[in-house]
Structure formats: C-alpha cells, structure tokens
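Structure assessment
If you want the building blocks of each chain, they are given just below.
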Amino acid sequence: MDHEPCIGVLGGGQLGRMLAFEARRMGFRVLKWTGGDASGAARLADHTLLDEFDSESAFVEFTNTAKVATVEFENIPSALINRIATKIPIMPATAAVSICQDREKEKNFLHSHHIPTTQFEIVKDAESLQHALETISGDVILKTLRDGYDGKGQLLVKDDDNRLSATEIWEEFGNTDAIVEKRINLKIELSVICARGQDGETITYDPAENEHRNHILDVSIVPARISPELSQQSQELAKKITQSLDYVGVLGVEFFVDHDDNLMVNEIAPRPHNSGHHTIDACAVSQFEQQIRAISGLPLGDTRLVQPAVMLNLLGDIWDAPTIPPDWAPIHRIPGAKLHLYGKSHAKPGRKMGHVTFTAPTLDEALAHMESIKKTYQIGNDNH
Ligand code: ADP
Ligand code: MG
C-alpha cells in the first residue's frame, strides 16, 4: 500500500473528495489537509489531517508523505502554498492561484492579456466608490476582493432614485476594499473547463451552460445551447488564459454572454469546477482524473462528451432536517440519473450537499428528467 505514490490535497470539501475517488481508482494514495474543515467530505482520503493551516506538525507530515500536492479551493493561504513548494511539487503554482484569489489581480491579469471582462473599478473608500458609481452606468455589483464564493461578499446596487449614498453603501458593505462591476444583462452564463499538462499540452471540455439561483450554481447543461462560434471563442479564451498563467492542472473559466453575444470572462477558478461535475458521468475522462494526470506528469485524457448531460446541484435546503436527507428513490428510478453525495454531516440552506447528473441520448430527455426531479424535491420554489 505504502508503495503507491501519495497525492496531497489542501482543503476538505467535495472537490477534494471527488479528486480522491479518481486518484484511488488510478492507484494513488491520498492525504488530505483540511485546515480545520471537519464537514466530513474529506473522509474518503487514505489519511486526513484536520489541523489548521498554520500547524507545524501537519506541515511536516504533509510534505514528508505526499510526493506531489494540489489545492482543491483557491482560498488556501499563498504563503502555505509557497512553503510547501520548497519541499514537494505543488500544482497549480502559487503565482496562478494568487491571481485567481484576488479579483483585482484577476481583472488586471485579464486586461494585460486583452481578454474581455465586465467594466469595473477598484474602490478603497466611500470617495472612490462615489467615483465608480458615477463612471459605471446602470446597476452595479460590489464584490469583496478576496474570499468570495457562491455569491458571498456581494452587494447589488440598483441605479434607482432612492439609492443610498456612497457613504451609506460603503458602510453597509463593511468598509472593505471592493471591486465594483457593471451588472450585465445576461443572455447566458457559460463555463469552460481547461486542462494543461506539464508538457504544455492544453485541452478543453465542451462549454457548459450554467443557471444560477441566489448566485449559487443550480444547473449545468452540456453541450451549451450556443452557436459554434461562441463555443469556439470561449474555448480559445480559456486556453489562452491557461497558457498565459503557465498553469499545470485543471482550471474553470466562467463567462458572461450579453444580449449582443459579447463574451466576457467573469472569473477563473484554479481547480476543477462545479460546472464540470458532469464530466464524471458524461465524458471519456473526468475533470478530476484530468487533474490527477496533469499533476502527476501523465498524458492528458480524452475530454469527449459521450452523452448530453445535465447536472443539478443538491443544496441543504431540501434536507428534512440538518442530518436527515430526503428519500433518494425518485432519483434512482430515473434511467441515466447518477446521485453524488458529498458525505457532509450537516445540511444548511445554500450548502452544496451533492449533485445529480442526468445523461440521456438527447439533451431534451436529460433536461426533462432534471425538471421532473426539481418538481419532486421542490427545488426552485420560493421556500427552497
Ligand atoms: P462567486 O465567486 O460567488 O461565484 P461570481 O462573481 O461568479 O462570484 O458571481 C456569482 C454569480 O452572480 C454569477 O455567476 C452571476 O450569476 C452573478 N453575477 C456576478 N457578477 C455579475 C455581473 N457583473 N453581472 C451580472 N451578474 C453577475
Ligand atoms: Mg462564480
């Protein structure tokens, strides 16, 4: 057992869990360091360190045991990634992760490579916020520069007459540095999962069409119902980003498309992405296997979509009680439906507890199955 090479994963959530599944199937051992996250999703590893990320003993054990390391979540302290890199190879590299950790750096990086984004301003006080509100027309969204996910740390500011003053908005937002973005009237949201190997080979998956509810991903539809031009453009942009970051591993690029079919990059996730979970059941090689291949220096695999797929996120809202899941039989009855649960011990509203992938010979069938399951579990009703 100990002869099998060990992959170290920083983070204790579902992405690392799905990565561990694939790694173990492929004959690797997995060591997780959760940084204090004891939600339960990490349990699938061979060994789990529950210590905080500043623990010296965990650092020693992690770097002595793992042959190669990766991160499952971008909000891992860069100093830790740097320090691990002095002992064992860690992919993606800190330089790439730290760009994606900070919305200001991310936007500046994209601009320096002439990649389109939403109009934005960085604000550091009420005066600069006032200036941004005057410069950007229409509704805007304030976002914290760091640590946001699933819409956390965001405030919509409508362009109406009874809008609060810049000072009041600044106080409501918590007096913290932020990015102000123009709110796009979205036609569609897309994402492209891209992988780059140690030899520089760069490949993409078919774009996913993403629907959000309360800023949290609800459904991903693959292939996205877009023109071949938009599909190609988004994949080319994702490749350009990955190559410009000199990235090794899997990365997710989120895009906005407005009603004039303008493509804008929203954000970059330096890891496998929620909108790529269908790749486990619907693609020749999943995004998680691809990540293992990339970081361990293996050839990248086939990204081909074998069947149309629709992925539905299962949030804690549909649990009967924090530790009591609903009856899953209706999902198991549907041909082509695959249930994935993340092993988290407590459900909370908005918490990602699992997902279902519906595959079918046609996208319409997969969509119909997804809609029927949404009705069964009352997903998308006001109370859910
Ligand atoms: P997170 O890190 O929480 O995923 P995002 O910036 O991706 O943050 O925002 C989450 C979702 O909120 C987006 O997928 C989109 O649906 C909506 N959103 C965010 N920014 C904008 C914007 N500028 N215009 C329109 N919708 C937006
Ligand atoms: Mg996002």
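Just so we're clear, the structure is a prediction, and the values are computed from it rather than from any experiment.

1. Observations regarding the sheet that holds strand β5 (residues 120-123)
Here we have four strands laid out as an open sheet, ordered β5-β8-β6-β7, and antiparallel in their pairing. Each of the sheet's edge strands pairs with one partner strand only, and the pair in question is β5 and β7 (154-157). Each adjacent strand pair in this sheet contributes to an overall mean axis angle of 20°, direction not counted. Pairing of strand β6 (residues 140-144) with β7, which is carried by four bridges, proceeds in the antiparallel orientation. The residue bridging Ile141 from the neighbouring strand is Leu156, located in β7. The strands touched by helix α5 (residues 103-112) within the sheet are β5, β6, β7 and β8 (178-182), with β5 carrying the most contacts at an inclination of about 140°.

2. So, the nonpolar core
In terms of nonpolar packing, the biggest core is built from 31 residues, with Ile7, Ala23, Val30 and Ile292 touching the most fellow members. Mapped by element, the contributors of at least two residues to this core are β1 (6-10), α1 (14-25), β9 (186-196) and α10 (287-295). No other element matches the five residues that α1 contributes to this core. Residues lining this core come from more than one domain, with at least three contributed by each of domain 1 (6-90) and domain 3 (186-376). When near neighbours in sequence (up to four residues on either side) are disregarded, Val30 contacts Cys6, Ile7, Val9, Ala20, Ala23, Arg24, Ala45, Asp46 and His47. If you look at the next biggest cluster of nonpolar residues, it comprises 24 residues, including Ala96, Phe109, Cys194 and Ile268.

3. Let's talk about the packing of aromatic side chains
According to the stated counting rule, one finds four aromatic pairs in the structure shown. Seen from their ring centres, Trp33 and Phe53 are 5.5 Å apart, and the 65° between their planes marks the pair as edge-to-face. Here Trp33, found in strand β2 (residues 29-33), pairs with Phe53, found in the loop between β3 (47-49) and α2 (56-65); they are 20 residues apart in sequence, far enough to count as distant. Residue Trp33 is classed as buried on the basis of its relative accessible area of 0%. With 5.8 Å between their ring centres and 40° between their planes, Trp328 and Tyr377 make a pair best called tilted. Highlighted residues: Trp328 in the loop between β15 (309-315) and α11 (329-332) and Tyr377 in the segment after α12 (363-376), separated in sequence by 49 residues. Here Trp328 and Tyr377 have matching classes, each one buried. In this structure, Arg83 is placed above the aromatic ring of Phe59, and the distance from its NZ or CZ to the ring centre is 3.7 Å. Residue placement shows Lys107 over the ring face of Phe120; its charged tip is 5.9 Å from the ring centre.

4. Observations concerning the domain arrangement of the protein chain
Taken domain by domain, the protein chain comprises domain 1 (6-90), domain 2 (119-182) and domain 3 (186-376). Here the C-alpha centre of domain 3 lies 23 Å away from the C-alpha centre of domain 1. Facing the 21 residues of domain 1 at the interface are 22 residues of domain 3. Applying the counting rule to domain 1 against domain 3 returns one salt bridge. Taken together, domain 1 and domain 3 are joined by eight residue pairs in polar contact (both at pLDDT 80 or more). Of all elements in the fold, only α1 and β4 (68-71) reach the threshold of two or more residues within the side of domain 1 that touches domain 3. A breakdown of the residues in the side of domain 1 that touches domain 3 according to their chemical character gives eleven nonpolar, four polar and six charged.

5. A look at the sheet that holds β4
Taken in spatial order, the four strands make up an open sheet running β3-β2-β1-β4, and their pairing is parallel. The open sheet has two free edges, formed respectively by β3 and β4, since each of these has just one partner strand. Each adjacent strand pair in this sheet contributes to an overall mean axis angle of 20°, direction not counted. Bridge analysis of β2 against β3 gives three bridges, and the strand direction is parallel. Note on β3: the bridge partner recorded for Trp33 is Leu49. In the packing of α1 onto the sheet, contacts are made with β1, β2 and β4, and the angle to β2 comes to roughly 160°. Contacting β1 and β4, α10 runs over the sheet at an angle of about 140° to β4.

6. Description of the site of ligand 1
Inspection of the region around ligand 1 gives 20 residues, with Lys143, Gly151, Glu189, Asn266 and Glu267 positioned closest. Within the side chain of His212, a nitrogen or oxygen atom sits 3.2 Å from an oxygen atom of ligand 1. For ligand 1, the accessible surface in isolation is 540 Å², of which the surrounding protein chains cover 92%. The set of elements that each furnish at least two residues to the shell around ligand 1 consists of β6, β8, β9, β13 (249-258) and β14 (263-269). Class assignment of the residues belonging to the shell around ligand 1 gives a composition of five nonpolar, six polar and nine charged. Residue contributions to the shell around ligand 1 reach at least three from each of two domains, namely domain 2 (119-182) and domain 3 (186-376).

7. Structural notes on the side chain of Ser234
Following the sequence through the fold, Ser234 ends up in helix α8 (residues 228-244). Among the residues examined, Ser234 registers a relative accessible area of 0% and is labelled buried. Polar side-chain contacts of Ser234 include one of 2.9 Å to the backbone oxygen of Ser231. Once you skip the residues sitting within four places of it in the chain, Ser234 turns out to touch Val192, Pro207, Phe255 and Leu263.

What counts as what
- Residues numbered from 1 in each chain as written.
- Chains lettered and ligands numbered in written order.
- Predicted model: local features only at pLDDT ≥ 70, side-chain atom pairs only at ≥ 80, totals over all residues.
- Heavy atoms only, no water.
- Pairing = 2+ DSSP bridges.
- Helix = DSSP H or I, 4+ residues; strand = E, 2+ residues; numbered from the N terminus.
- Axes fitted to C-alpha atoms, helices over the stretch in contact; angles between N-to-C directions.
- Contact = heavy atoms within 4.5 Å.
- Core = buried A, V, L, I, M, F, W, Y, C linked by side-chain atoms within 4.5 Å.
- Buried < 20%, exposed > 50% of the residue type's maximum accessible area, 1.4 Å probe, protein only.
- Domains from an automatic or database assignment.
- Phe/Tyr/Trp six-rings, centres within 6.5 Å; stacked < 30°, edge-to-face > 60°.
- Lys NZ or Arg CZ within 6 Å of the ring centre and 35° of its normal.
- Salt bridge = Lys/Arg side-chain N within 4 Å of Asp/Glu carboxyl O.
- Polar contact = N/O pair within 3.5 Å; in protein donor to acceptor, adjacent residues only side chain to side chain.
- Nonpolar A, V, L, I, M, F, W, Y, C, P; charged D, E, K, R; others polar.
- Near = heavy atom within 4 Å.
- Areas by Shrake-Rupley, 256 points an atom, 1.4 Å probe, with all protein chains shown as cover.

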